[in-house]
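Below are the chains, spelled out letter by letter.
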Amino acid sequence: MNVNFLLKRLAGMLPLLLGVSLILFGILHLAPGTPLDVYADNPSVSPEALEQMRLALGLDQPAHIQYFHWVRGFLTGEWGYSIRTGQPVTREVVEHLGPTLLLGGTSFLLALLLAVPLGVVSALRRSSAVDYGITFASFLGISMPVFWLALMLQLLFSVQWRLLPSAGMTTIGDGSPLDLARHLILPACILAFANVAGWSRYMRSSMVDVLSQDYVRTAKAKGLPGRQVVYRHALRNALLPMITVIALDFAGIVSGAVITETIFAWPGIGRLFIESMNGRDYPVLLALMMIGSLVLLISNLLSDIAYAIADPRISYE
Amino acid sequence: MAKQQRHQYSTFRNSVRTALLSTILLGGMAAAQQRGGTLTVGLSYDIDTLNVYSTGFLHDAVAPVIEGLLAPDKNAKYVPVLAREVPTVRNGGIKVAADGKTMVITYKLRPNVKWHDGKPFTSADVKFTWEAVKNPKFIAESKSGTEDISRIETPDPLTAVVYYKRVAPDFASTLFTFGILPRHALIGKDLNTDVYNTKPLGTGPFIVKEFRRGQYVALVRNPNYWRKDAKGQSLPYLDAMNFKIIPDSNTLVAQLRSGEVQMAYNVPYAQVKQLDALAGMKVVQNKVLSWQHLDFNFKGPAALRDIAVRQAFAHAINRGAISKALGGYPQVIDSVVVPVFDTYNRNVPRYPYSVTRANAILDAAGYRRGADGIRAKNGQRLSFRIMVQAGRANDEVAQQVIIANLKAVGIELKPDNKSGVAFREARYNGSYDIWYGGWITSADPVYSVFFGSKGVNNGQAYSNPRIDQLLTRAESTLDATAQRTALLAFQTELMKDLPSLPLTTNISMIAVTDKLVNFVPNPTNMTNFVDVAEWYLRR
């Protein structure tokens, strides 16, 4: 892999992002309602005032002009103001991004630490009770509705045992690392749960695949200890396809765990998205969707790079 | 007034008798009891700003901080707060011009009131509030009342003379009741972006300590609050109040059960019994100034303009069944004026539940049943879309009952539910056939916004000159008798013409810890927290 490849890939993202922005902008403008409808049936906002706001927000101009204004602003860092709260869009996004990254990152690590060993064990003990047990648990995990599981955990840990807070990010007036950690446990576990289930299945099948390969058999035949075969040769190769899956799932963190954030009253991107959607808050929505697309493209790129590093035989020209 | 539509299901009222009784009993105890405690309230909506004029939401978290000149009490009657008395014609506070077209209101302000920063509150603040909210550059959700005022004079620091361009009997439900803005802190500032929006400066019993967007608002006791209790002790009794944002209703219930939150309103009907049974928790029922109804769109299918069809709807819908489906809490009503008001008309034309009569009316009007059981006339089938706000559980339950009821008389209704801005836009533009929802009003409702030809909330394009005339009369007189007569006649006319079919009242369910003393809910579209100074938590 070389710098040229990287540059080419990065350059290729620009038209993609532009296309994405065009589509998103189009869809938003086709959807019923504008930000001003919040005031439309309000007797205290006169039609003149509404017209004034329409002019101020540039909503009177044709869609393509609005689009160009928006692109220009976006590129120059002028992301505008949220129509709903009057806050600068950048501040809104940054304020909500932190909590989302904290929650997403924690659950991501948690899921990774659980999924890989589970998948490996499952593959090594193929068709054993352990394998069946793990398989059963992961299917349970994939098919269990998040809101239900969340409710059950809240009932057990918060209502019954009073061990953990049921929602929120900090206790009012506290906010110490320990307090934050206590609030993080339930939502992070819920978020991790679904990923563990999926990833451990990937890990298992990938490992099973690798274990049946000739070189593994050769290594075994040469008399290498089983542990060394599994962890030095097989695991490394089995992790390759996982990298792609995991890197792509990383984008999901930023686009937000909408349901989990709502249930646990976590002030992240997911909730900001829902609130902005309901208010047709174009500036915030567009910024969020563009960031989401960008992160997706970048994690795509990262997964390619990681793949190349993990397996030097793969090279991109 | 301004908050009528967004505040459906948002405020409450206890029956007058219970309210009075509890005030007497608990008020007596207050003196002997301890004070203090921190009350944490769960809110189901996200707070966008703490400026009462910028938000369409209720003022829950701001009400303990910002005070107005007047406030509606537990009986939906205005009482003085920063004013010394409620101005009336009788006490000379209101003077109507000789031609009967304009009026002047003189507010006598309470002396020795201080803003949270120690500066004195004066009539200049009153004048500034009007100017700041009226300012076209300020994008406000609530500007109602500003246009009615032509000028304000401040002859001395404790007198504000407000000149009105019209006789406005609803003056108390707007501007100066929402809250007074501090002139010294805001003059020359941009109210759209000022720090005031996250840390408002008020005169109220509590001070904003911290507002964390999407999470909570933390308030602490104002040690220099102007009000004292009957024994001369300083108020408020509570040490602190918190408002926690919990968007998910199941989570809110879990928080109530685990004690993380001590109070929440608009608890779903389905969870009331469960919460009431919890030790240490009680559910208070509040009859809010709100009613549920069906609106027929006059720009919609032609059949909806046929009075026979609307009458058939009225007879076909089993309002008792709707109430029952909603836990039996909402009360069946016959008029759009809720029975709490003395202007409620008991003698309007009534439409008792009767499938036979609904069928007979439709038969007589020439609507014949087709092969599929749905009636039609001249090739026009009686098939309509019915809209409720998507995701609002109580409304969706009622919608199911209504659909089933109408099917029995050969009318087909198809759900057409929307949420957020799409819902509001549809209601405003009238892009629906039939609309089910609720309105909540202030203590002195203005019905012309809903039923007047030019009413802002009249998305159904209903127009009836007689109703316009009656409402104009009711809304431009300070004579209570004349107002009542006009409102009674308005209700009769409305129920004859049936543009809107009132179905049930709304009850707001407040789950609250039984340790909270002196809490009495408020039935208006203001908020429950307008009078928190005397609340405290028993240890």
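Conventions used here
Residues numbered from 1 in each chain as written. Chains lettered and ligands numbered in written order. Predicted model: local features only at pLDDT ≥ 70, side-chain atom pairs only at ≥ 80, totals over all residues. Heavy atoms only, no water. Contact = heavy atoms within 4.5 Å. Salt bridge = Lys/Arg side-chain N within 4 Å of Asp/Glu carboxyl O. Polar contact = N/O pair within 3.5 Å; in protein donor to acceptor, adjacent residues only side chain to side chain. Helix = DSSP H or I, 4+ residues; strand = E, 2+ residues; numbered from the N terminus. Buried < 20%, exposed > 50% of the residue type's maximum accessible area, 1.4 Å probe, protein only. Axes fitted to C-alpha atoms, helices over the stretch in contact; angles between N-to-C directions. Parallel < 35°, antiparallel > 145°, perpendicular 65-115°, else oblique. Nonpolar A, V, L, I, M, F, W, Y, C, P; charged D, E, K, R; others polar. Phe/Tyr/Trp six-rings, centres within 6.5 Å; stacked < 30°, edge-to-face > 60°. Pairing = 2+ DSSP bridges. Left-handed = near helix turned anticlockwise from the far one by under 90°.

Some details on the interface of chain A and chain B
Taken residue by residue, the interface counts 41 residues in chain A and 44 residues in chain B. Taken together, the connections running from chain A to chain B amount to two salt bridges. Put simply, chain A and chain B have eight residue pairs in polar contact (both at pLDDT 80 or more) between them. Elements that contribute at least two residues to the side of chain A that touches chain B include exactly α2 (37-40), α3 (47-57), α5 (89-124), α7 (146-160), α11 (258-263) and α12 (269-278) of chain A.

What about the environment of A:Ala308?
By secondary structure assignment, the location of A:Ala308 is in helix α13 (residues 282-310). Owing to a relative accessible area of 11%, A:Ala308 belongs among the buried residues under this scheme.

Quick word on the side chain of B:Asn528
Structurally, B:Asn528 is set in the loop between β20 (516-517) and β21 (536-537). Of the polar contacts made by the side chain of B:Asn528, one reaches the backbone nitrogen of B:Asn522; its length is 2.8 Å.

Some words on the packing of α5(A) against α12(A)
Residues and elements named next belong to chain A. Interhelical geometry of α5 versus α12 gives an angle of 140 degrees and a closest axis separation of 7 Å. Judged on the interaxial angle alone, α12 and α5 are oblique. Contact residues: Glu92, Val93, His96, Leu97 and Thr100 in α5; Ile269, Gly270 and Leu272 in α12. Looking at the contact of α5 with α12 residue by residue, the classes come out as four nonpolar, three polar and one charged.

Quick notes on the packing of aromatic side chains
Residue and element names in this part refer to chain B. Summed over all chains, the structure comprises 28 aromatic pairs over all chains. For the pair Phe243 and Phe529, a centre-to-centre distance of 5.1 Å together with 85 degrees between the ring planes defines the contact as edge-to-face. Here Phe243, found in strand β10 (residues 240-245), pairs with Phe529, found in the loop between β20 and β21; they are 286 residues apart in sequence, far enough to count as distant. The exposure classification of Phe243 matches that of Phe529, with both residues buried.

A short note on the pairing of strand β1 (residues 38-43) of chain B
All names here are of chain B. Within β1, five of the six residues are buried, leaving the element largely enclosed by the surrounding structure. Relative to β10, β1 runs parallel, the two sharing six bridges. Residue pairing in the sheet places Thr38 in a bridge with Ala240 of β10. Relative to strand β11 (residues 263-265), β1 is paired through two bridges, and the arrangement is parallel. Directly across from Val41, in β11, lies its bridge partner Met263.

Quick word on the sheet that holds strand β4 (residues 94-96) of chain B
Residues and elements named next belong to chain B. On the basis of which strands lie adjacent, the open sheet formed by four strands has the order β4-β5-β7-β6 and antiparallel pairing. In the strand order of this sheet, the two ends are held by β4 and β6 (149-156), each with one partner. Recorded for the sheet is a direction-independent mean angle of 15 degrees between the axes of neighbouring strands. Across the sheet, helix α2 (residues 123-134) is in contact with β6 and β7 (159-164); its angle to β6 comes to roughly 165 degrees.

Examining the pattern of salt bridges
Two side chains of opposite charge can pair, provided their charged atoms sit close to one another. A complete count under the given rule lists 22 salt bridges over all chains for this structure. For A:Glu95, the salt bridge is made with B:Arg213, and the minimal N-O distance between the two is 3.9 Å. Of the two residues, A:Glu95 is situated in helix α5 and B:Arg213 in the loop between β8 (206-212) and β9 (216-221); the pairing between them involves two chains. On the basis of relative accessibility, which here comes to 39%, the residue A:Glu95 falls in the partly exposed class. A salt bridge links B:Asp148 to B:Arg166, with the shortest nitrogen-to-oxygen separation between them at 3.2 Å.

Some details on the packing of helix α13 (residues 465-474) of chain B against helix α14 (residues 480-497) of chain B
All names here are of chain B. One way to put it is that α13 packs onto α14 with a least axis distance of 8 Å and a crossing angle of 155 degrees. The angle between α13 and α14 places the two elements in the roughly antiparallel class. As for how α13 packs across α14, the hand of that crossing is left-handed. Residue-level inspection shows Arg466, Ile467, Leu470, Leu471, Arg473 and Ala474 of α13 in contact with α14, the latter providing Gln483, Ala486, Leu487, Ala489, Phe490, Glu493 and Leu494. Here the contact of α13 with α14 is composed, by residue class, of nine nonpolar, one polar and three charged.

A look at unusual backbone geometry
Cis geometry is adopted by the peptide bond preceding B:Pro236, which originates at B:Leu235 and carries an omega value of 0 degrees. The topology assignment puts B:Pro236 in the loop between β9 and β10. We note that A:Ser127 has phi near 65 degrees; this positive angle belongs to a residue other than glycine. Mapping A:Ser127 onto the fold places it in the loop between α5 and α6 (129-143). Not every positive phi belongs to a glycine, and B:Asn266 is a case in point at roughly 55 degrees. Inspection of the secondary structure puts B:Asn266 in the loop between β11 and α6 (272-276). For B:Asn266, a relative accessible area of 29% corresponds to the partly exposed category.

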